[in-house]
Amino acid sequence: MIVAEQKEISEIINMVGDHNNILVVGCDTCVTVCLAGGAKEAAILSSALRLAYRVKGKEITVEATTIERQCEIEFVDALEPILKRKDLVISMGCGIGVQTIAERFPQLLVVPALNTKFLGLPEKQGVWVERCQACGQCVLDKTGGICPISRCSKSLLNGPCGGSQNGKCEISKDTDCGWHLIYERLKTLGRLESLEEIMPVKNWSTSRDGGPRKVIREDMCL
Amino acid sequence: MKVGSRLEILLRQGKFVATAELGPPKSADLELIKKKASILRGYADAVNITDNQTAIVRVSSIAAGKIALDEGLEPIIQMTCRDKNRLAMQGDVLGAYILGLKNLLCLSGDHQSFGNHPQAKNVYDLDSIQLVNMVRDMRDKKVFECGEEIKNTKKSEILEPRMFIGVAANPFGDPFEFRVVRLAKKIKAGADFVQTQCIFDLPKFKRYMEMVTDQGLHEKVSILAGVMPVKSFRVLQYMKNNVAGMSIPDELIRRMKAAEDPKAEGVKICVEFIQQVREIPGIHGVHIMAVEWEAIVPSIVQQAGLYPRPDVQ
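Just so we're clear, the structure is a prediction, and the values are computed from it rather than from any experiment.

**Student:** Teacher, can you tell me more about the overall build of chain B here?
**Tutor:** Helix and strand counts for chain B stand at eleven helices and eight strands. For 313 residues, the compact-globule estimate of 2.2 N^0.38 gives 20 Å, and chain B sits close to it at 19 Å. The principal-axis extent of the C-alpha atoms belonging to chain B is close to 70 × 45 × 45 Å. For chain B, buried positions account for 57% of its 313 residues. Counting contacts in chain B only where the partners sit at least 6 residues apart, residues at least 24 apart contribute 78% of the total. Surface accessibility of chain B: about 13100 Å² in total, with carbon and sulfur atoms responsible for 50%. Across chain B, the mean location of the 43 positive side-chain charges is 1 Å away from that of the 38 negative side-chain charges.

Written out as structure tokens, the structure is:
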């Protein structure tokens, strides 16, 4: 899932500025699961904004709604009837959600209430961790199902650097060394010898470095 | 002989070599580089020129290396994977070579979160092993990473940069058993010499070297044992608590703490380590890392019985 975190309220208030008829749009998918931008958070943010402006002596209209997926035009279409007279949309979706709404309704100003953090999973209650950087060329078959690109602070491909100690990364004692995890996993799988092979230079052009990416399935195109 | 650098010649001759380190300044201070160079001249066979060490901006290792070369030192240019992609790295290898720099130490590099620009974007286009492989292919296969021959135009002659390639090895990182595997990978990738992380835990280092010699790795690569003189027990304590991948016995901290003259004791310990690592099979030299204490190197080299350094014809 995509993991996101709500921005500071002061930053959101700055984005609101002089707008006074606002729609806050939650998303029912990833950001609901990571408790950042679902229906509940959309309602809370709406109240918080109304309150903040009331304290300043100004009444603003803030309405909240939540759609199933902000990252698909079909779902975003559903916003059309309630966008009339709105002068600002605050998306509580991930960065994709914000852009999908903006693309669908180009005449409207759409701003983000969240910072999109990473692709990951809930590790335990209240904790989310990164697992994938969408590099476009998966190597998990070679690394025991643990991703060195996202889990090694340096995205190394040939084992832990000299800063690995007691299973932790040099950047913090709270960060696992991704390569230590890979080592232990391969040991369990009886495949340690695979670490003796040199993993060649990676082709980063399939990653963000190749420019904005696109997947085209000719067989599925109409 | 691969490149004919002074370091390579001495190692081929079987000399026990001594290398030191010169940290470039955090300002455009040419005189400081010259001053540090003049301290080290004659006391080290080659001198590592660090590359934005601990992720703090400094004069570039190649520029400082050229100054050091002109001052009569034999530089080992350090290059980390943190700040440069393969284009910048290869351009710098070409540039370093035409400036007369012939030794290159390939490193992953400390993470930028340690330094003075923790908000920087890091690169890690390659890792250190891939860097070694690339520089070796530039020298031996005379090709760039992309496979193109190293020549200016189709009709020009090939003019490849020839570097004597070094790597770091940390016997004290984890997982311990993987450390020798990693060294073997670096050798397979093309490492000619190795400088180890500074050794404070001799028994652990000996266990590591046993694994190294069991596999015959010491016959494929020259291994220089890293030593570091410290000025006070606080330095050791700090490293023990804050620097990942270090093994520092409490006994050593106690010894430094009890010393009347801690600086002299630090030097004494360093000299003892040099003498002890020299006895370990498979060690071809020492690398003295006197971080921001270059002035002590001559005295350590002398006390360790390593002075004068051999001449190279």
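**Student:** Explanation requested: the pairing of strand β4 (residues 88-91) of chain A in the structure shown.
**Tutor:** On any regular strand, side chains alternate: one points to one face of the sheet, the next to the other face. All names here are of chain A. Alternating positions in β4 separate into two faces, Leu88 and Ile90 on one and Val89 and Ser91 on the other, with burial throughout. As paired elements, strand β2 (residues 21-27) and β4 share four bridges and run parallel to each other. In the strand pairing of β4, Ile22 is matched with Leu88. As judged from the three bridges shared by β4 and strand β5 (residues 110-112), these two strands associate in the parallel manner.

**Student:** Help me out: how do you make sense of the packing of aromatic side chains in this one?
**Tutor:** In this description, an aromatic ring pair is defined by two values, namely the gap between the centres and the angle between the planes. Overall, the coordinates contain five aromatic pairs over all chains when judged by the stated rule. Judged by centre distance (4.6 Å) and plane angle (20 degrees), the rings of Tyr43(B) and Tyr307(B) are stacked. In this pair, Tyr43(B) is assigned in the loop between α2 (30-40) and β2 (46-49) and Tyr307(B) in the segment after α11 (297-303), connecting sequence segments 264 residues apart. We classify Tyr43(B) as buried; its relative accessible area is 18%. Relative accessible area serves as the criterion here: at 39%, Tyr307(B) is assigned to the partly exposed category. The positively charged end of Lys202(A) is found above the aromatic ring belonging to Trp204(A), 5.4 Å away from the centroid. The ring of Phe16(B) has Arg278(B) lying over it, and the distance from NZ or CZ to the ring centre is 4.3 Å.

**Student:** Looking at this model, I keep getting lost on the confidence of the model for chain B. Mind explaining?
**Tutor:** Parts of the model with low pLDDT should not have their predicted coordinates read in detail. The predicted model of chain B averages 97 in pLDDT, with 100% of residues at 70 or higher. ipTM for the predicted complex: 0.95, alongside a pTM of 0.96.

**Student:** Which parts of the structure should I look at to understand the sheet that holds β5(A)?
**Tutor:** Residues and elements named next belong to chain A. Read from one edge of the open sheet, four strands run β3-β2-β4-β5, paired in parallel fashion. Of all the strands in the sheet, the pair left with one neighbour each is β3 (61-67) and β5. Neighbour-to-neighbour, the strand axes of this sheet turn through a mean angle of 25 degrees, independent of strand direction. Judged from the seven bridges that link them, β2 and β3 form a sheet pairing that is parallel. Residue pairing for β3: Leu23 is matched across the bridge by Glu63.

**Student:** Explain the packing of helix α1 (residues 9-16) of chain A against helix α3 (residues 39-55) of chain A here, please?
**Tutor:** The relative placement of two packed helices is expressed as an angle between their axes plus a distance between the axes. Residue and element names in this part refer to chain A. Put simply, α1 and α3 touch, their axes get as near as 11 Å, and they point 70 degrees apart. Compared by their axis directions, α1 and α3 come out roughly perpendicular. Where α1 crosses over α3, the handedness of that crossing is right-handed. Counting all contacts with α1, which are made through Ile9, Ile12, Ile13 and Val16, the residues of α3 involved are Leu45, Ala48, Leu49, Ala52 and Tyr53. For the contact of α1 with α3, the class distribution of residues is nine nonpolar, no polar and no charged.

Calculation criteria
Residues numbered from 1 in each chain as written. Chains lettered and ligands numbered in written order. Predicted model: local features only at pLDDT ≥ 70, side-chain atom pairs only at ≥ 80, totals over all residues. Heavy atoms only, no water. Helix = DSSP H or I, 4+ residues; strand = E, 2+ residues; numbered from the N terminus. Rg over C-alpha atoms; globule rule 2.2 N^0.38 Å. Buried < 20%, exposed > 50% of the residue type's maximum accessible area, 1.4 Å probe, protein only. Contact = heavy atoms within 4.5 Å. Areas by Shrake-Rupley, 256 points an atom, 1.4 Å probe, with all protein chains shown as cover. Lys, Arg positive; Asp, Glu negative; His and termini not counted. Charge placed at Lys NZ, Arg CZ, Asp CG, Glu CD. Pairing = 2+ DSSP bridges. Phe/Tyr/Trp six-rings, centres within 6.5 Å; stacked < 30°, edge-to-face > 60°. Lys NZ or Arg CZ within 6 Å of the ring centre and 35° of its normal. pLDDT = per-residue confidence, 0-100. Axes fitted to C-alpha atoms, helices over the stretch in contact; angles between N-to-C directions. Parallel < 35°, antiparallel > 145°, perpendicular 65-115°, else oblique. Left-handed = near helix turned anticlockwise from the far one by under 90°. Nonpolar A, V, L, I, M, F, W, Y, C, P; charged D, E, K, R; others polar.

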